[in-house]
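Below are the chains, spelled out letter by letter.
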Amino acid sequence: MQLDVVGAGLAGQIAALAAAASGFSVRLWGRAVPAPARAVALSTPSVRYLSQFAPAVSELGAPITRIHVSRQGRWGRADLAASEFNRVEFGRVMSNDELSAVLDQAIQAERLDAAVESLSPTPSGWQINELKTEQVLLATGGAGLLKTVGIESSQPELAGQLWAGIGRSDEKTAFERFTDTGPLAILPMGQGRVSLVWHRSEQCEAEVRPQQIERAMGHRVRISSIEAQQSFPIRLHRAHSLVRPNLAVLGNASQFMHPVAGQGLNLIL
């Protein structure tokens, strides 16, 4: 059976590989967009699952062996070690681009039909019947594209901006700190790098300096520099339905989970 996967981000790449392994004849539409300031935390079951299709995933990034959670201005913390739960690690942290490259290699090895030039999904001017196929999996797009394929969605109000970056640090503990503006996550990526994600107010400056991260963390972490960073408004949209005849949606096409939670891609898997 033919399956068209629309959207070549992480969700689309994974869906294409999983569908091919299940016996579908897959065409993957779109092109992965570089995200140099973004990283993803995969749980151990997620790493194990993806390693079926792309064994190199288990070697990417760095393991999460310790998690430290606290709240700014309040006494107390949660401090969890994987060894206390008879685990080697809770998961692994890797850059979006590194994971995407490994998945792309697996897609090429499977010789999936990557029709990147033939279709350019946009909120306007794109019709689902252009694909002329039996089954479609939509793994990209916002409210406009959902409406095009006959699925209504809502957009709750969210305040603030999301800031993401890759910093230089030898820190090996995963930190989550609840600050006055929103949660701040620092995740070890190995090779002297950490992933940084911070929910900040709309009035904050777009650029963040290492000293701001350190102050917000109560000087628990030393950040020598920030190599890449990006700020963007937080957006949320929820699809009212995830399926219609011959079509299903997943990932950010269905709903957008706060990236600091770090569980969106794990839930897709």
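A.B. asks: I keep staring at helix α1 (residues 10-21) and nothing clicks. Help me out?
C.D. replies: Each α-helix turn comprises 3.6 residues. Residues three or four places apart therefore point the same way. Over its 12 residues, α1 extends 17 Å from the first C-alpha to the last, a length consistent with the 16 Å expected when each residue adds 1.5 Å. Burial runs high along α1: 11 of the 12 residues are buried. Considered for burial, the residues of α1 that qualify are L10, A11, G12, Q13, I14, A15, A16, L17, A18, A19 and A20.

A.B. asks: Is there a simple way to think about unusual backbone geometry in this case?
C.D. replies: Backbone geometry places Q191, a non-glycine residue, at a positive phi of 55 degrees. Looking at Q191, the relative accessible area reads 69%, which means it is exposed. The phi dihedral of H219 is positive, around 60 degrees, even though this residue is not glycine.

A.B. asks: Just checking my understanding: could you explain the sheet that holds strand β12 (residues 174-178) for this structure?
C.D. replies: Backbone hydrogen bonds are what pair the strands of a sheet, in a parallel or an antiparallel way. Across the sheet, 7 strands lie side by side as β6-β5-β12-β13-β14-β11-β15; this open sheet has mixed pairing. Where the open sheet ends on each side, the last strands, each with one partner, are β6 (77-81) and β15 (225-233). Within the sheet, the average angular offset between the axes of one strand and its neighbour, ignoring direction, is 10 degrees. By the bridge criterion, 6 bridges tie strand β13 (residues 183-190) to strand β14 (residues 193-200) in an arrangement that is antiparallel. Considered in β14, the bridge of I186 is made with L196.

A.B. asks: I keep staring at the environment of V40 and nothing clicks. Help me out?
C.D. replies: On the secondary structure map, V40 appears in strand β3 (residues 39-43). Distance from V40 to L265, taken between C-alpha atoms, is 8.1 Å for residues 225 residues apart in sequence. Beyond its immediate sequence surroundings of up to four residues, V40 is in contact with R92, V93, M94, N96, L99 and L265.

Cut-off values and rules
- Residues numbered from 1 in each chain as written.
- Predicted model: local features only at pLDDT ≥ 70, side-chain atom pairs only at ≥ 80, totals over all residues.
- Heavy atoms only, no water.
- Helix = DSSP H or I, 4+ residues; strand = E, 2+ residues; numbered from the N terminus.
- Expected span 1.5 Å × (residues − 1).
- Buried < 20%, exposed > 50% of the residue type's maximum accessible area, 1.4 Å probe, protein only.
- Pairing = 2+ DSSP bridges.
- Axes fitted to C-alpha atoms, helices over the stretch in contact; angles between N-to-C directions.
- Contact = heavy atoms within 4.5 Å.

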